[in-house]
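Each chain is listed here by its residues.
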Amino acid sequence: MTKEQRSKTMSRIHRQDTSIEVKLRKALWNRGYRYRKNYKELPGSPDIVLTKYHICIFCDSEFFHGKDWLVLRPKLERGNNPGYWVRKISRNMERDDEVDKKLLFMGWTVIHFWGKDILKNTEACIRVIEETIFEDRLQDIELDEV
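The present account deals with the structure reproduced in this document. Because the structure is a prediction, the values reported are computed rather than measured.

Definitions and limits used
- Residues numbered from 1 in each chain as written.
- Predicted model: local features only at pLDDT ≥ 70, side-chain atom pairs only at ≥ 80, totals over all residues.
- Heavy atoms only, no water.
- Helix = DSSP H or I, 4+ residues; strand = E, 2+ residues; numbered from the N terminus.
- Buried < 20%, exposed > 50% of the residue type's maximum accessible area, 1.4 Å probe, protein only.
- Contact = heavy atoms within 4.5 Å.
- Areas by Shrake-Rupley, 256 points an atom, 1.4 Å probe, with all protein chains shown as cover.
- Lys, Arg positive; Asp, Glu negative; His and termini not counted.
- Charge placed at Lys NZ, Arg CZ, Asp CG, Glu CD.
- Pairing = 2+ DSSP bridges.
- Core = buried A, V, L, I, M, F, W, Y, C linked by side-chain atoms within 4.5 Å.
- Axes fitted to C-alpha atoms, helices over the stretch in contact; angles between N-to-C directions.

1. Points about the overall build of the chain
Link 1 in the chain: Per the secondary structure count, the chain includes six helices and four strands.
Link 2 in the chain: Principal-axis analysis of the C-alpha atoms places the extent of the chain at approximately 60 × 30 × 25 Å.
Link 3 in the chain: The proportion of buried residues among the 146 residues of the chain is 36%.
Link 4 in the chain: Long-range contacts, defined here as pairs at least 24 residues apart, represent 56% of the contacts in the chain between residues at least 6 apart.
Link 5 in the chain: When the accessible surface of the chain is split by element, carbon and sulfur atoms take 52% of a total near 10000 Å².
Link 6 in the chain: Each charge class in the chain can be summarised by its mean position, and for the 28 positive and 24 negative side chains these summaries are 10 Å apart.

Below is the structure:
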């Protein structure tokens, strides 16, 4: 890619309301779940927050969040501006871990989905969310009985 082509491509990448977020949100809405999007009151501004259930959902793109990092990193090291990209994606992964720890400490359940999983199998992602809700409710019931 030329510098102009890369600049044009990168300018089209958005931080919020990405196609993967929108697809998952629509599926949740159609199932009757109400949520907050890009909830800035929590660390990391989770993409989707089910406040009623204390669940934070992140819709992660494979590239920027380092899916298959052991495969991706060598490719980046051979590509354009390797120092920048390796550092950027490594830091993104570290930040994801830091945010997850903060949210867990605050009592939130954290779920991450890869973009391709959302696009190819949205129903499976919804099932994971519903199972998490069910497990959390079951745990609350057990705590009430003690």
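Here the narrative resumes, following the displayed structure.
2. Remarks on the pairing of strand β3 (residues 55-60)
Both faces of the sheet carry side chains from a regular strand, because those side chains alternate between them.
Link 1 in the chain: Within β3, six of the six residues are buried, which leaves it mostly tucked inside the rest of the structure.
Link 2 in the chain: Burial along β3 is two-sided: the face carrying Ile55, Ile57 and Cys59 and the face carrying Cys56, Phe58 and Asp60 are both buried.
Link 3 in the chain: Examined bridge by bridge, strand β2 (residues 48-50) and β3 share three bridges and lie antiparallel to one another. Among the inter-strand pairings, Leu50 is bridged to a residue of β3, identified as Ile55.
Link 4 in the chain: In textbook terms, the turn of a hairpin is the stretch between consecutive antiparallel strands, and for β2 and β3 this stretch comprises four residues, one of which, His54, has a positive phi near 55°.
Link 5 in the chain: The pairing of β3 with strand β4 (residues 109-114) spans six bridges and is parallel.

3. Here we look at the nonpolar core
Link 1 in the chain: Counting 18 residues, the largest nonpolar core has Leu24, Leu28, Leu50, Ile57, Phe113 and Ile129 as its most contacted members.
Link 2 in the chain: Listed by contribution, the elements that provide at least two residues to this core are α2 (19-30), β2, β3, β4 and α6 (122-145).
Link 3 in the chain: With residues up to four places along the chain from it excluded, the contact list for Leu50 reads Tyr33, Arg34, Tyr35, Ile55, Ile57, Trp108, Ile129 and Ile133.

4. Focus: unusual backbone geometry
Link 1 in the chain: Of note in the backbone geometry, Ser45 takes a positive phi value of approximately 40° without being a glycine.
Link 2 in the chain: The phi angle at His54 is positive, at roughly 55°, despite the residue not being glycine.
Link 3 in the chain: Structurally, the position occupied by His54 is in the loop between β2 and β3.

5. Let's talk about the environment of Arg137
Link 1 in the chain: Relative to the helices and strands, Arg137 resides in helix α6.
Link 2 in the chain: Given the relative accessible area of 44%, Arg137 is considered partly exposed.
Link 3 in the chain: It is 51 Å that separates the C-alpha atoms of Arg137 and Met1, two residues lying 136 residues apart in sequence.
Link 4 in the chain: What Arg137 contacts, discounting residues up to four positions off in sequence, is Lys52 and Tyr53.

6. Observations regarding the sheet that holds β3
Hydrogen bonds between backbone groups are what pair the strands of a sheet, and the pairing can be parallel or antiparallel.
Link 1 in the chain: Strand order in the open sheet formed by four strands is β1-β2-β3-β4, with mixed pairing between adjacent strands. Because the sheet does not close on itself, it has two edges, and the strands there are β1 (36-37) and β4.
Link 2 in the chain: In the packing of α2 onto the sheet, contacts are made with β1, β2, β3 and β4, and the angle to β3 comes to roughly 140°.

Keep in mind that these numbers describe shape and distance, not what the molecule does.
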